[in-house]
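So you can see what is in the structure, the chains are spelled out below.
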Amino acid sequence: MSQSDAQTTTTLLILGASGDLTSRLLLPGLATLLTVETDRRVRVLGSDLPDMDEDAWRDRVREAFTKVDAGAEAERVLGDTAYIAADATDADGLQRALDAAGDGPLVIYCALPPQITAKACAALANVSLPEQTTLALEKPFGYDADSARELNRTLARSVPEERVFRIDHFLGLYTVLNLLGLRFTNRLFEPVWNRDSIESVEIIYDEMVTLEGRAGYFDHAGALRDMIQSHLLQVMAVVAMDPPASVGERDLRDAIGQVLRAARIVDPAEHSRRARYTAGSIGEREVPDYTAEEGVDPDLGTETLAEVQVDIANHRWAGVPFILRSGKAFGEIRKRVVIHFKPPAHIPDGLLGQDTPDSLTIDLRPDSFTLSLTTNGAGDAFTLGRTDLTGQLGGGQLEPYGEVLSSMLDANPRLAVRGDAAEECWRILEPVQRAWDADDVPLEEYPAGSQGPSSWPTAGASGARQS
Ligand code: BG6
């Protein structure tokens, strides 16, 4: 939080306040933030369609805050929170909620499904907003490139781009932010961070979580949109971007935008895969077939594991495949970026043994990195071995979501997805979606608790990428 913002009260107006997102993610995230940034002053207003009396709303806020033991901060927020029953898609309803917010700094947070968000944004264009209004939108931003473009146009009628906060909590991950320090402040890495020295890059986010009752959303999104479109492309852009002049929002987001504009998926039938989990066990937990999970429509053919190969057509990266992959119901968590270096041009004759290329693994959770190097092995000095140099990356006080909320309340869009980037992410994946819709890529299967279909290469291992 910047010094000048200390003690200024920002009103957080939550549209969709009675929904799951508000109580599961937003309010607990805010509570954590307030316990760390004790100077921060936030007034929380909830608004949604259902009639809810003030006590019921206050109980909801209290419950979410209790989850993270927010103590004194909770009392402060509970003291002046209010609920306004209103239809967010209707200008009159919105105006009532805005009247309750007053004239100071305001964040309007759309915790609504995408179609309703689009309507609410259209309605917002017809009301007068306080000058210092930030609009925050949860993912997904639209449902394809056209709808994202349309939504951007609508938003531009209400607030300037710098005041639009498209949320991607991965941009608040400390390891992602640490990439900036690691890459740009060490003489060691930047000179080799290009096609001359790097063979391929993997960005993997394999999780042990399953559907977890989210069929209403996930069964329509699938892993491609839920994870690759919404998160991993942004991580890729940070890994691949040119050194920005500063870490200010303009320089940083320009650098991200440049990578995304150069990114494409050539021949999706060849360079994408999809699969979904079948029954299995993850540790002690028995997991049913994805299609047997409550609320799932098997006819939608939704994937729970998606992998794409992205090419970045620019001078730095031409010819280097970026493999992005994310799956649910895995037997082991693997959340990492792996940089696979090229083998050396020549190994002196007489040095024997393994010549696995070097790699740099950056673990996204928990935050750490491992530089795996070829060295002279133990015993015979002329036989090669491997040495792993491992380090912890400094963590932050806030969870990624809290980090993002903090910059949102500061109205600093540095950690928000810019409008052009949101459109590019859809554009990059459209050929894949088309190929999948046309069934050009088979929907494979893997048992829950496994590491994906057995015919797929092992992802995210150090050394050379296996195929
Ligand atoms: C969310 C996705 O945005 O990110 C989830 O909707 C996913 O499906 C989650 O599990 C992963 O992020 P985290 O922070 O929970 O590891």
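Residues numbered from 1 in each chain as written. Predicted model: local features only at pLDDT ≥ 70, side-chain atom pairs only at ≥ 80, totals over all residues. Heavy atoms only, no water.

A. Structural detail: the site of the ligand. In the neighbourhood of the ligand, the contacting residues comprise Lys-139, His-169, Phe-170, Tyr-205, Glu-207, Arg-214, Asp-226, Met-227, His-231, Lys-328, Lys-335 and Arg-365. Measuring from an oxygen atom of the ligand, one finds a side-chain N or O atom of His-169 at 2.8 Å. In the model, an oxygen atom of the ligand is placed 2.7 Å from a nitrogen or oxygen of the Arg-214 side chain. For the ligand, the protein covers 79% of the area, taking 390 Å² as the surface of the free molecule. It is helix α8 (residues 215-240) that provides the largest number of residues to the shell around the ligand, a total of three residues. (Near = heavy atom within 4 Å. Polar contact = N/O pair within 3.5 Å; in protein donor to acceptor, adjacent residues only side chain to side chain. Areas by Shrake-Rupley, 256 points an atom, 1.4 Å probe, with all protein chains shown as cover. Helix = DSSP H or I, 4+ residues; strand = E, 2+ residues; numbered from the N terminus.)

B. Looking closely at the nonpolar core. In this structure, Leu-233, Met-236, Val-239, Phe-322 and Leu-324 are the most contacted members of the largest nonpolar core, which totals 107 residues. Both domain 1 (3-138) and domain 2 (170-396 + 417-447) contribute no fewer than three residues apiece to this core. The residues touching Leu-233, leaving out its near neighbours within four places in the chain, are Ile-228, Leu-260, Val-310, Leu-324, Cys-425, Ile-428 and Leu-429. One finds Leu-26, Tyr-83, Val-107 and Ile-167 within the second-largest nonpolar core, a separate group that totals 35 residues. (Core = buried A, V, L, I, M, F, W, Y, C linked by side-chain atoms within 4.5 Å. Buried < 20%, exposed > 50% of the residue type's maximum accessible area, 1.4 Å probe, protein only. Domains from an automatic or database assignment. Contact = heavy atoms within 4.5 Å.)

C. Region of the structure containing the side chain of Thr-117. Here Thr-117 is to be found in helix α5 (residues 114-124). Non-local contacts of Thr-117, meaning those with residues more than four positions away in its chain, are made with Cys-110, Leu-112 and Leu-137.

D. How the structure looks around helix α11 (residues 400-409). For α11, a buried count of 10 out of 10 residues is recorded, marking the element as mostly surrounded by other parts of the structure. Among all positions in α11, only Pro-400, Tyr-401, Gly-402, Glu-403, Val-404, Leu-405, Ser-406, Ser-407, Met-408 and Leu-409 are buried. Downstream of α11 by one or two residues, Ala-411 has phi in the positive range, about 55°.

E. Broad picture of the side chain of Glu-207. Locating Glu-207 in the fold gives a position in the loop between β7 (198-206) and α8. Excluding its chain neighbours within four sequence positions, the residues that come into contact with Glu-207 are Met-227, Gly-327, Lys-328, Ala-329, Phe-330 and Lys-335.

F. View of the UniProt feature "domain: Glucose-6-phosphate dehydrogenase NAD-binding" (unreviewed entry) in the protein. Here the UniProt-annotated "domain: Glucose-6-phosphate dehydrogenase NAD-binding" (unreviewed entry) positions come out as residues 14-178. Each end of residues 14-178 is marked by a C-alpha atom, and these two atoms are 31 Å apart; helix forms 48% of the span and strand 16%. (UniProt positions renumbered as here; feature names shortened; annotations may be inferred.)

G. Structural detail: helix α4 (residues 91-101). The set of residues buried in α4 consists of Gly-93, Leu-94, Ala-97, Leu-98 and Ala-101. Buried residues of α4 fall within an arc of 135° about the axis and therefore sit on the same side. Across from the buried face of α4, at angles greater than 90 degrees, the exposed residues are Asp-92 and Asp-99. Buried positions along α4 lie against β1 (9-15), β2 (41-48), β3 (82-85), β4 (106-110) and α5. Gly-102 occupies a position one or two residues after α4 and carries a positive phi of about 80°. (Arc of directions from axis to C-beta.)

H. Spotlight on the sheet that holds strand β6 (residues 164-166). In space, the six strands of this open sheet follow the order β3-β2-β1-β4-β5-β6, with parallel pairing throughout. Two strands lie at the open edges of the sheet, namely β3 and β6, each paired on one side alone. Here the strands of the sheet are splayed against their neighbours by 20° on average, with no regard to which way each runs. (Pairing = 2+ DSSP bridges. Axes fitted to C-alpha atoms, helices over the stretch in contact; angles between N-to-C directions.)

I. A look at the packing of helix α1 (residues 20-36) against α11. Two elements in contact, α1 and α11, have axes whose closest approach is 9 Å; the angle formed by their N-to-C orientations is 80°. By the angle between their axes, α1 is roughly perpendicular relative to α11. Between α1 and α11, the contacting residues are Leu-25, Leu-26, Gly-29, Leu-30 and Leu-33 on the first element and Tyr-401, Gly-402, Leu-405, Ser-406 and Leu-409 on the second. (Parallel < 35°, antiparallel > 145°, perpendicular 65-115°, else oblique.)

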